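Each chain, written out:
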Amino acid sequence: MIHNFNAGPSVLPKEVFEEASRSVLNFNNTGLSILEIGHRTTLFEPVMAEARALVKELMKLDNDHEVLFLHGGATTQFMQIPMNLLNENEIAAYTETGTWANKAIKEAKTFGHVEIVGSSKENNYRSIPKNIITPPTASYLHITTNETIAGTQWHAIPYDCGVPLVADMSSDVFSRNLNFNKFDLIYAGAQKNMGAAGVNLVIVNKNILGNVKRVIPTILDYRNHINEESMLNTPPVFAVYVAMLTLRWLQNNGGISAMEKLNNKKANLLYSTLDSLPLFKTPVNIEDRSEMNAVFTIDDKETENEFHELCKKEGMVGIKGHRSVGGFRISMYNALSIESVKAITDLMKYFANKKG
Ligand SMILES: *Cc1c(COP(=O)(O)O)cnc(C)c1O
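Since the model is a prediction, treat every value here as computed from it, not as a measurement. (Residues numbered from 1 in each chain as written. Predicted model: local features only at pLDDT ≥ 70, side-chain atom pairs only at ≥ 80, totals over all residues. Heavy atoms only, no water.)

Of the volumes computed, that of the largest pocket is approximately 260 Å³. Around the largest pocket, the lining comprises 16 residues; the ones closest to its centre are Ala 7, Gly 8, Ile 149, His 322 and Arg 329. Among the elements that make up the lining of the largest pocket, the one with the highest residue count is helix H4 (residues 99–108) (three residues). Both of domain 1 (14–252) and domain 2 (255–355) provide at least three residues apiece to the lining of the largest pocket. (1 Å grid on protein atoms, 1.4 Å probe; cavity = no way out; pocket = protein on both sides within 12 Å on 5 of 7 lines; lining within 4 Å. Points joined across faces, edges and corners; volume = space filled by probe spheres on them. Helix = DSSP H or I, 4+ residues; strand = E, 2+ residues; numbered from the N terminus. Domains from an automatic or database assignment.)

In structure tokens:
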């Protein structure tokens, strides 16, 4: 048995793989593959419409919030956001919480001024900044709700920052209930928690658009995508389809609240096991720990390698920490079963016991 703890692309529900593979051969009993149909057809249009509607429903979004499925991954959003929201002479507020936040900051600087309003750089990104103060003149505040590499997560969202709130939710979207209407822009690459690589979910409050003076290339202007109902050009058809199936699965399994409950359970099991075994060290500030990506180390290199080998032998996939951090990282996205978490925690206990 394989336990897939990959950080992204990552585990998806088995039902999604089955349905998606059937549709590659014969989509909805049409005799055609999902890969060979036009996007502007009565076959694909309902797929895009359902995907967008499911996002609205699952997140309980109001009518100011538009749902788009775009190309380019979350990385494209690092530049598309400031291009659409930040004038050259204005400032955007950013929080600096790790690798992903820093990539977003770098791109924003090419469009306007960036003010860092909270940073955990000094402690190597082991925490989430608290009590941040956003200048009221800022065009928006950007946060990375879950730092996939550092293993931190915002548990107190700065909803009342007083300016449009923008969030990179690539690695925790649909994992917990938030007040999604209080965000003005949410973006997430699909490949962590909601589908296959190749498509990006963008949710935008249309009222914040139209305030920048620069000329925005057609394909990068959110307003054009809104007007064309996310079909401005050929969308990544298959990736949208897989995201739609994953969202359907999510809805059929109790929606975001049910996922949150299960994710709490999984994270509690993993972290309480780590905390009970002194062999394993957890670098992240306890109250800022991510429920999606748990990071831990073993002090002795040889013992670390030994645990790696044991995990490999037992079918645990994707547990190596990011190359910039080292150690281990266990990703527990929605589709990861609690049985997989149980399996690795049992292995941790067995290994720690053996080591005395
Ligand atoms: C993976 C990840 C990204 C990058 O996503 P791409 O789709 O590869 O561009 C950005 N932000 C966070 C938080 C991520 O986890």
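Now for the pattern of salt bridges. Applying the stated criterion to the full structure yields 14 salt bridges. Between Asp 221 and Arg 223 there is a salt bridge; the shortest N-O distance is 2.8 Å. A salt bridge links Glu 304 to Lys 301; the nearest nitrogen and oxygen atoms lie 3.1 Å apart. Here Glu 304 and its partner Lys 301 are both found in helix H8 (residues 301–313), three residues apart, which amounts to about one turn of the helix. Its relative accessible area of 54% is what places Lys 301 among the exposed residues. Taken together, the shared-partner salt bridges connect Arg 52, Glu 66 and Lys 206 into one network. (Salt bridge = Lys/Arg side-chain N within 4 Å of Asp/Glu carboxyl O. Buried < 20%, exposed > 50% of the residue type's maximum accessible area, 1.4 Å probe, protein only.)

In spatial order, the strands read E11-E12-E14; together these three strands make up an open sheet with antiparallel pairing. In the strand order of this sheet, the two ends are held by strand E11 (280–281) and strand E14 (328–331), each with one partner. When strand E12 (residues 293–298) meets E14, the two strands line up antiparallel, connected through four bridges. Across the sheet, the residue bridging to Asn 293 is Ser 331, located in E14. Each of E11, E12 and E14 touches helix H7 (residues 255–276); the most contacted strand, E12, lies at about 15° to it. Strands E11, E12 and E14 of the sheet are contacted by H8, whose axis makes an angle of about 130° with E12. (Pairing = 2+ DSSP bridges. Contact = heavy atoms within 4.5 Å. Axes fitted to C-alpha atoms, helices over the stretch in contact; angles between N-to-C directions.)

Right, let's get into unusual backbone geometry. Here the bond from Gly 8 into Pro 9 is cis, since omega is -10°, no more than 30 degrees from zero. Following the sequence through the fold, Pro 9 ends up in the loop between strand E1 (3–4) and helix H1 (14–25). Here the phi dihedral of Tyr 125 falls at roughly 60°; this positive angle occurs in a residue that is not glycine. Along the chain, the position of Tyr 125 falls in the loop between strand E4 (113–119) and strand E5 (141–144). On the basis of relative accessible area, Tyr 125 is assigned to the buried category, the value being 16%.

Moving on: the pairing of strand E9 (residues 185–189). Burial analysis of E9 places five of its five residues in the buried class, the great majority of the element. Of the two faces of E9, the one carrying Leu 185, Tyr 187 and Gly 189 and the one carrying Ile 186 and Ala 188 are both buried. Here three bridges tie strand E8 (residues 165–168) to E9, and the two strands are oriented parallel to one another. The residue bridging Val 166 from the neighbouring strand is Leu 185, located in E9. Pairing geometry for E9 and strand E10 (residues 200–205), over five bridges, is antiparallel. Residue pairing for E10: Leu 185 is matched across the bridge by Val 204.

With that settled, the discussion passes to the site of the ligand. Around the ligand there are 13 residues in total, and Thr 75, Thr 148, Asp 168, Gln 191 and Lys 192 lie nearest to it. At 2.5 Å from an oxygen atom of the ligand is found a side-chain nitrogen or oxygen belonging to Thr 75. At 2.7 Å from an oxygen atom of the ligand is found a side-chain nitrogen or oxygen belonging to Lys 192. Against a free-state accessible area of 390 Å², the protein chains account for coverage of 87% of the ligand. Ranked by the residues each element gives to the shell around the ligand, the list is headed by helix H3 (residues 73–85), at four residues. Considered class by class, the residues forming the shell around the ligand number three nonpolar, eight polar and two charged. (Near = heavy atom within 4 Å. Polar contact = N/O pair within 3.5 Å; in protein donor to acceptor, adjacent residues only side chain to side chain. Areas by Shrake-Rupley, 256 points an atom, 1.4 Å probe, with all protein chains shown as cover. Nonpolar A, V, L, I, M, F, W, Y, C, P; charged D, E, K, R; others polar.)

Our next topic: the domain arrangement of the chain. For the chain, the domain assignment lists domain 1 (14–252) and domain 2 (255–355). Between the C-alpha centres of domain 1 and domain 2 the distance comes to 27 Å. Of the roughly 2,100 Å² buried at the junction of domain 1 and domain 2 (both faces included), carbon and sulfur atoms supply 53%. Three residues stand out in domain 1 for area buried against domain 2, namely Arg 126, Ile 149 and Asn 177, and they jointly supply 24% of the buried area on that side. Summed over the shared surface of domain 1 and domain 2, the number is one salt bridge. Linking domain 1 with domain 2 are 16 residue pairs in polar contact (both at pLDDT 80 or more). When contributions to the side of domain 1 that touches domain 2 are tallied by element, the ones reaching two or more residues are helix H2 (45–59), strand E7 (152–153) and helix H6 (237–252). For the side of domain 1 that touches domain 2, the element with the highest residue contribution is H6, accounting for three residues. Here the side of domain 1 that touches domain 2 is built from residues that sort into 10 nonpolar, 12 polar and five charged. (Buried area = accessible area lost by both parts, 1.4 Å probe.)

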